[in-house]
Amino acid sequence: MNLLTGETSDEYFGGDVPAAVRALLQDAARAQADERAVLLWTAQALAPRCLAVYYALTKHHATRRELAQAERAARRGLAEAAQQAGLDDTGAPRVAGATVDFHGTGPARFWLFTQKALAFLALRSGRPEEARDRLALITRLEPQARIGDDVIARLARGSF
């Protein structure tokens, strides 16, 4: 769920959001910023396989410039998305001969999107080389992904 608009994005994140988690996400969207993290981490504890929760957590903490917490949430979401999509750390399928659809909705797309988020967080945390490595990975895996990584790449080059 987009914390600012309240819009749901279940399809983009690859699956249904359990009703109890949906209620917590909706409460978080209406909550004061300092109360939001508790609701979001509670949602994560209730449904650790729900990718939408990791997006909300990462966005919440990044917006508050709590970069370590944002990165923690993003890394957990990345690991869960990799598990669900059957990807290894490089984005390659764990099963020989399998294909990965980074264009569709679901965990593979979320994995790629989370790579972009981690590139942004690395850049903001003073780790430009890590940011560039993640951006190169995105380009290598899916040059036409259209996930907004071009904005992060411009920031990494210092030309934004």
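Residues numbered from 1 in each chain as written. Predicted model: local features only at pLDDT ≥ 70, side-chain atom pairs only at ≥ 80, totals over all residues. Heavy atoms only, no water.

(A) Broad picture of the pattern of salt bridges. Throughout the structure, instances matching the rule amount to 9 salt bridges. Glu66 serves as the salt-bridge partner of Arg64, at 3.1 Å between the closest nitrogen and oxygen. Judged by relative accessible area, Arg64 falls into the partly exposed class, the value being 36%. One salt bridge in this structure joins Arg127 and Glu71, with 2.9 Å as the shortest N-O distance. In this pair, Arg127 is assigned in the loop between α5 (107-124) and α6 (128-141) and Glu71 in helix α4 (residues 67-85), connecting sequence segments 56 residues apart. Through salt bridges with shared partners, a single network forms among Glu71, Arg75, Arg127, Glu130 and Arg134. (Salt bridge = Lys/Arg side-chain N within 4 Å of Asp/Glu carboxyl O. Buried < 20%, exposed > 50% of the residue type's maximum accessible area, 1.4 Å probe, protein only. Helix = DSSP H or I, 4+ residues; strand = E, 2+ residues; numbered from the N terminus.)

(B) How the structure looks around the packing of α5 against α6. For the pair α5 and α6, interaxial distance at closest approach is 7 Å and the crossing angle is 160 degrees. On the basis of their axis angle, the class for α5 and α6 is roughly antiparallel. In this structure, α5 crosses over α6, and the sense of that crossing is left-handed. Here Trp111, Leu112, Gln115, Lys116, Leu118, Ala119, Ala122 and Leu123 of α5 lie close against α6, whose contacting residues are Pro128, Glu130, Ala131, Arg134, Leu135, Leu137, Ile138 and Leu141. By residue class, the composition of the contact of α5 with α6 is 12 nonpolar, 1 polar and 3 charged. (Axes fitted to C-alpha atoms, helices over the stretch in contact; angles between N-to-C directions. Parallel < 35°, antiparallel > 145°, perpendicular 65-115°, else oblique. Left-handed = near helix turned anticlockwise from the far one by under 90°. Contact = heavy atoms within 4.5 Å. Nonpolar A, V, L, I, M, F, W, Y, C, P; charged D, E, K, R; others polar.)

(C) Structural context of the packing of aromatic side chains. According to the stated counting rule, one finds 2 aromatic pairs in the structure shown. Measuring from centroid to centroid gives 5.8 Å for Tyr55 and Phe113, while their planes differ by 50 degrees, and the two rings are tilted. Here Tyr55, found in helix α3 (residues 51-63), pairs with Phe113, found in helix α5; they are 58 residues apart in sequence, far enough to count as distant. Measuring from centroid to centroid gives 6.2 Å for Phe102 and Trp111, while their planes differ by 35 degrees, and the two rings are tilted. (Phe/Tyr/Trp six-rings, centres within 6.5 Å; stacked < 30°, edge-to-face > 60°.)

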